[in-house]
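Here are the chains, one letter per residue:
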Amino acid sequence: MASKVDKEKCTGCAACVLVCPSGAITIKADGKAEVDPEFCISCGNCKQACEHGAITLDSAGGGY
């Protein structure tokens with residue numbers, strides 16, 4: 001399971017980046033967050049931190 005970002009809802013505020021303990025989230029050139037499923041540990045911190053509801057936990061992908 002890994003986190004997934006809805007690019008239409010993401011504002012690029014980086015709240016998710018600040019709370020990600022594994023460093024799996026970065027803000028890309030388009031100003032939107034992106035999760036690297038190889039490093040995502042599916043802790044849900046990013047989902048809780050996102051005030052815009054742009055992050056969900058996806059059952060497909062990396063993580064633990």
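In this text the structure is predicted, and so the values were computed from the model without any measurement. (Residues numbered from 1 in each chain as written. Predicted model: local features only at pLDDT ≥ 70, side-chain atom pairs only at ≥ 80, totals over all residues. Heavy atoms only, no water.)

(A) Summary view of the pattern of salt bridges. Per the stated rule, a full pass over the model turns up 1 salt bridge. E34 serves as the salt-bridge partner of K28, at 3.9 Å between the closest nitrogen and oxygen. Residue K28 is classed as partly exposed on the basis of its relative accessible area, which comes to 38%. With relative accessibility at 37%, the residue E34 sits in the partly exposed group. (Salt bridge = Lys/Arg side-chain N within 4 Å of Asp/Glu carboxyl O. Buried < 20%, exposed > 50% of the residue type's maximum accessible area, 1.4 Å probe, protein only.)

(B) Region of the structure containing the nonpolar core. Membership of the largest hydrophobic core comes to 14 residues, with the highest contact counts inside it found for V5, C16, I25, A33, V35 and I55. At the level of elements, β1 (2–5) and β3 (33–35) are the ones that each hand at least two residues to this core. Residues in contact with A33, not counting those within four places in the same chain, are V5, K7, C10, C16, I25, T26 and I27. (Core = buried A, V, L, I, M, F, W, Y, C linked by side-chain atoms within 4.5 Å. Helix = DSSP H or I, 4+ residues; strand = E, 2+ residues; numbered from the N terminus. Contact = heavy atoms within 4.5 Å.)

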